[in-house]
Amino acid sequence: MIEVITIEKFKSDIFDFTQNTEWKFDQATPIVLNFTASWCGPCQMFAPTLEKIASEKSSELKVYKIDIDKTPELAALFEVKSVPTTLFISAGQDPVMTNGLMTEENLQKAIQEIFVSPAQ
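The structure displayed is predicted, hence computed values, not measured ones.

We now examine the packing of aromatic side chains. Using the criterion set out here, one finds 6 aromatic pairs in the structure. Aromatic side chains Phe10 and Phe17 sit 6.2 Å apart centroid to centroid with 50° between the ring planes, which places their arrangement in the tilted category. The class for Phe10 is buried, based on a relative accessible area of 0%. Assessed through its relative accessible area of 25%, Phe17 is described here as partly exposed. Every member of this aromatic cluster is reached through a ring pair, and the members are Phe10, Phe15, Phe17, Trp23, Phe35 and Phe78.

Here we come to the nonpolar core. Of all hydrophobic cores here, the largest spans 22 residues; its most connected members are Phe10, Ile14, Leu33, Phe35 and Val83. The leading source of residues in this core is strand E2 (residues 31-36), at 3 residues. With residues up to four places along the chain from it excluded, the contact list for Phe10 reads Ile5, Phe15, Phe17, Leu33, Leu74, Leu77 and Phe78.

Turning our attention to the pattern of salt bridges. On inspection of all chains with the given rule, the structure shows 4 salt bridges. The salt bridge partner of Glu56 is Lys52, with a shortest N-O separation of 3.9 Å. In this pair, Glu56 and Lys52 are both assigned in helix H2 (residues 41-56), 4 residues apart and thus about one turn of the helix distant. Of the residues examined, Glu56 reaches a relative accessible area of 45% and is grouped as partly exposed.

For the rest of this paragraph, the subject is the pairing of E2. With 6 of 6 residues buried, E2 lies mostly within the body of the structure. Alternating positions in E2 separate into two faces, Ile31, Leu33 and Phe35 on one and Val32, Asn34 and Thr36 on the other, with burial throughout. Two strands pair when backbone bridges link them, and E2 and strand E3 (residues 62-67) are joined in this way by 6 bridges, in the parallel orientation. Bridge pairing links Asn34 to Lys65 in E3. Handedness of the crossover is the feature at issue here: the chain leaves E2, passes through H2, returns alongside E3, and the resulting connection is right-handed.

Looking at the secondary structure, you find Ser90 in the loop between strand E4 (85-89) and strand E5 (96-99). Excluding residues within four positions of it along the chain, Ser90 makes contact with Phe25, Pro30, Ile114 and Phe115.

This next bit is on the sheet that holds strand E1 (residues 3-4). Working definition: the strands of a sheet are paired by backbone hydrogen bonds and lie parallel or antiparallel to each other. Pairing is mixed across the open sheet formed by 5 strands, whose spatial order is E1-E3-E2-E4-E5. With partners counted over all chains shown, the strands left at the sheet margins are E1 and E5, one partner each. H2 rests against E2, E3 and E4 of the sheet, and its axis sits at about 165° to E2. Sheet strands touched by helix H4 (residues 104-116): E2, E4 and E5. Its angle to E4, the strand with the most contacts, is close to 30°.

About the thresholds
- Residues numbered from 1 in each chain as written.
- Predicted model: local features only at pLDDT ≥ 70, side-chain atom pairs only at ≥ 80, totals over all residues.
- Heavy atoms only, no water.
- Phe/Tyr/Trp six-rings, centres within 6.5 Å; stacked < 30°, edge-to-face > 60°.
- Buried < 20%, exposed > 50% of the residue type's maximum accessible area, 1.4 Å probe, protein only.
- Core = buried A, V, L, I, M, F, W, Y, C linked by side-chain atoms within 4.5 Å.
- Helix = DSSP H or I, 4+ residues; strand = E, 2+ residues; numbered from the N terminus.
- Contact = heavy atoms within 4.5 Å.
- Salt bridge = Lys/Arg side-chain N within 4 Å of Asp/Glu carboxyl O.
- Pairing = 2+ DSSP bridges.
- Right-handed = clockwise from strand over helix to strand, strands pointing away.
- Axes fitted to C-alpha atoms, helices over the stretch in contact; angles between N-to-C directions.

See below:
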């Protein structure tokens, strides 16, 4: 199951933007962070794909979702302009952002390229 992340959990587990101005993520487990909204049709279509990936890859990565209407501060932090927007976060790297609905194949490919063999 995908966890809905709160601002407090984001600050403790991913990045405390109230204490730091420069991005730093040093956790061993990569994160797929999906910005979504209850009114968004493509977000609802993407949800089963994210659930499947979260289940299949639970030992390799964490999948969170952020409701932009409930936590607009996090959407603003990453300048999210539309949903769904997906952020791929791994240690020592800047987050990689994709916009729009992704197929399972494209999501798997992004995870492989970003987390397994990141560009040097």
